[in-house]
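Here is how the chains run, residue by residue.
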Amino acid sequence: MQRMDEPLGARTGNRAARVLVVDDDPTVSEVVTGYLDRAGYLVDRAGDGPTALARAGEHRPDLVVLDLMLPGMDGLEVCRRLRGHGPVPVIMLTARGDEEDRVLGLEVGADDYVTKPFSPRELVLRVESVLRRSRPPAAAHPLSAGGLAVDPAARRATRNRTELSLTLREFDLLSFFLRHPGRAFSREDLMREVWGWDFGDLSTVTVHVRRLRGKVEDDPARPRLIQTVWGVGYRFEPGGG
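Residues numbered from 1 in each chain as written. Predicted model: local features only at pLDDT ≥ 70, side-chain atom pairs only at ≥ 80, totals over all residues. Heavy atoms only, no water.

Novice: In this structure, what is going on with the sheet that holds strand 13 (residues 226-229)? I would like to understand it.
Specialist: The strands that make up a sheet pair up through hydrogen bonds in the backbone, lying either parallel or antiparallel. In space, the three strands of this open sheet follow the order 12-14-13, with antiparallel pairing throughout. This sheet does not close on itself; its edge strands, each paired only once, are strand 12 (184-186) and strand 13. Mean inter-strand twist for the sheet, computed between neighbouring axes without regard to direction, equals 35 degrees. Summarising the sheet, strand 13 and strand 14 (residues 233-236) pair through four bridges and their orientation is antiparallel. From the neighbouring strand, V229 faces strand 14, where its bridge partner is G233. Together, strand 13 and strand 14 form the strand contacts of helix 8 (residues 203-216), whose direction differs from that of strand 13 by roughly 140 degrees. (Pairing = 2+ DSSP bridges. Helix = DSSP H or I, 4+ residues; strand = E, 2+ residues; numbered from the N terminus. Axes fitted to C-alpha atoms, helices over the stretch in contact; angles between N-to-C directions. Contact = heavy atoms within 4.5 Å.)

The following block contains the structure:
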């Protein structure tokens, strides 16, 4: 039974959600682990990439908190290898000001990032938000338009009946577009509706739209389905008009 003070995101079904914390700074790792543990999560720790992959192989995490700057194998490579074994939400820890690194993290499939130094309480809220939104709503129904189809309950997406390999956030973004064809949304709208945040770096949205176009458009350089609405944001046109 869930504790009254335990966040909803701390549970997956009838069990506590498992979070893998990967950071070579023992102080950061210990503080983050302590906050997540008190929030009701099961926490595994690793100080480098190979150990993280081994831990993930032993106990598949529900989410990974991953430092970008790791000795030997960096966080980008760890993220790639983790994703090679199936979808798993990833929150990447980056140094403040390293915008290029943050974009690279998003490009390899990270769902969110937090810049150092950060508030451990904020990180716990981000973990809860990502986990909550990675689960399909109870009454979710399949959607289809423009040759695309998503099954939220199965977390499965297809293009012309061929399965798409989408990250969790790309899946959420595509599902949102399919639910709202023909409507223009700003990046702020998408950040709020898809990510569940009222604030954040809007380049996150830009990168995810670009990645999604690369998987659903015939010519991503000339998108027909996910169109740019200049001065506003983006609009999904199932007819490709």
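Novice: Is there a simple way to explain the packing of helix 1 (residues 26-38) against helix 5 (residues 120-133) in this structure?
Specialist: Pairs of packed helices are described in terms of their axes, by the angle between the two and the distance that separates them. Running from N to C, helix 1 and helix 5 cross one another at 55 degrees; their axes reach a closest spacing of 10 Å. Our classification of the angle between helix 1 and helix 5 gives oblique. Crossing hand, helix 1 versus helix 5: right-handed. Between helix 1, through V31, V32, Y35 and L36, and helix 5, the contact on the second element is made entirely by P120, R121, L123, V124 and V127. (Parallel < 35°, antiparallel > 145°, perpendicular 65-115°, else oblique. Left-handed = near helix turned anticlockwise from the far one by under 90°.)

Novice: Please explain the packing of helix 6 (residues 168-179) against helix 8 as it appears in this structure.
Specialist: Orientation of helix 6 relative to helix 8, taken along the N-to-C sense of each, is 80 degrees, at an axis distance of 10 Å. One way to sum up the angle between helix 6 and helix 8 is to call them roughly perpendicular. Taking contact as the criterion, the partners of R169, E170, L173, L174 and F177 in helix 6 are, on helix 8, H208, V209, R211, L212 and K215. For the contact of helix 6 with helix 8, a count of residues per class yields five nonpolar, one polar and four charged. (Nonpolar A, V, L, I, M, F, W, Y, C, P; charged D, E, K, R; others polar.)

Novice: Explain helix 8 here, please?
Specialist: Within an α-helix, residues lying three or four positions from one another point in the same direction, as the helix has 3.6 residues per turn. Over its 14 residues, helix 8 extends 20 Å from the first C-alpha to the last, a length consistent with the 20 Å expected when each residue adds 1.5 Å. Of all 14 residues that make up helix 8, 10 are buried, and the element is covered over most of its length. By the burial criterion, the buried members of helix 8 are S203, T204, V205, V207, H208, V209, R211, L212, R213 and V216. (Expected span 1.5 Å × (residues − 1). Buried < 20%, exposed > 50% of the residue type's maximum accessible area, 1.4 Å probe, protein only.)

Novice: What should I look at first to understand the sheet that holds strand 11 (residues 162-163) in this one?
Specialist: Read from one edge of the open sheet, four strands run 8-9-10-11, paired in antiparallel fashion. The strands lining the two open edges of the sheet, one partner per strand, are strand 8 (143-145) and strand 11. Bridge count for strand 9 (residues 148-151) against strand 10 (residues 156-159) is four bridges, and the pairing is antiparallel. What sits directly across from V150, in strand 10, is A157. Each of strand 8, strand 9 and strand 10 touches helix 6; the most contacted strand, strand 9, lies at about 115 degrees to it.

Novice: Would you explain helix 6 in this entry?
Specialist: If you check helix 6, its first and last C-alpha atoms are 17 Å apart, about what 12 residues at 1.5 Å a residue would give, namely 16 Å. Counted residue by residue, helix 6 has 11 buried out of 12 residues, so it is predominantly covered. Of all the positions in helix 6, only L168, R169, E170, F171, D172, L173, L174, S175, F176, F177 and L178 are classed as buried.

Novice: Which parts of the structure should I look at to understand the environment of A154?
Specialist: Here A154 is to be found in the loop between strand 9 and strand 10. Residue A154 is classed as partly exposed on the basis of its relative accessible area of 46%. Along the backbone, A154 and A140 are 14 residues apart, and their C-alpha atoms lie at a distance of 10.0 Å.

Novice: Teacher, can you tell me more about the side chain of R213 here?
Specialist: Its location among the elements puts R213 in helix 8. Salt bridges are absent for the buried R213, whose nearest opposite-charge side chain, E217, sits at 4.9 Å. (Lys, Arg positive; Asp, Glu negative; His and termini not counted. Salt bridge = Lys/Arg side-chain N within 4 Å of Asp/Glu carboxyl O.)

Novice: Got a minute to help me understand the pairing of strand 10 in this structure?
Specialist: Put simply, side chains in a regular strand alternate between the two faces of the sheet. The antiparallel hairpin formed by strand 9 and strand 10 contains four residues in its connecting segment, where R155 sits at a positive phi of about 55 degrees. In this structure, strand 10 lies alongside strand 11, joined through two bridges in antiparallel fashion. Pairing of R159 across the sheet is with T162, part of strand 11. Between strand 10 and strand 11, which pair antiparallel one after the other, the connecting turn spans two residues, and N160 there sits at a positive phi close to 50 degrees.

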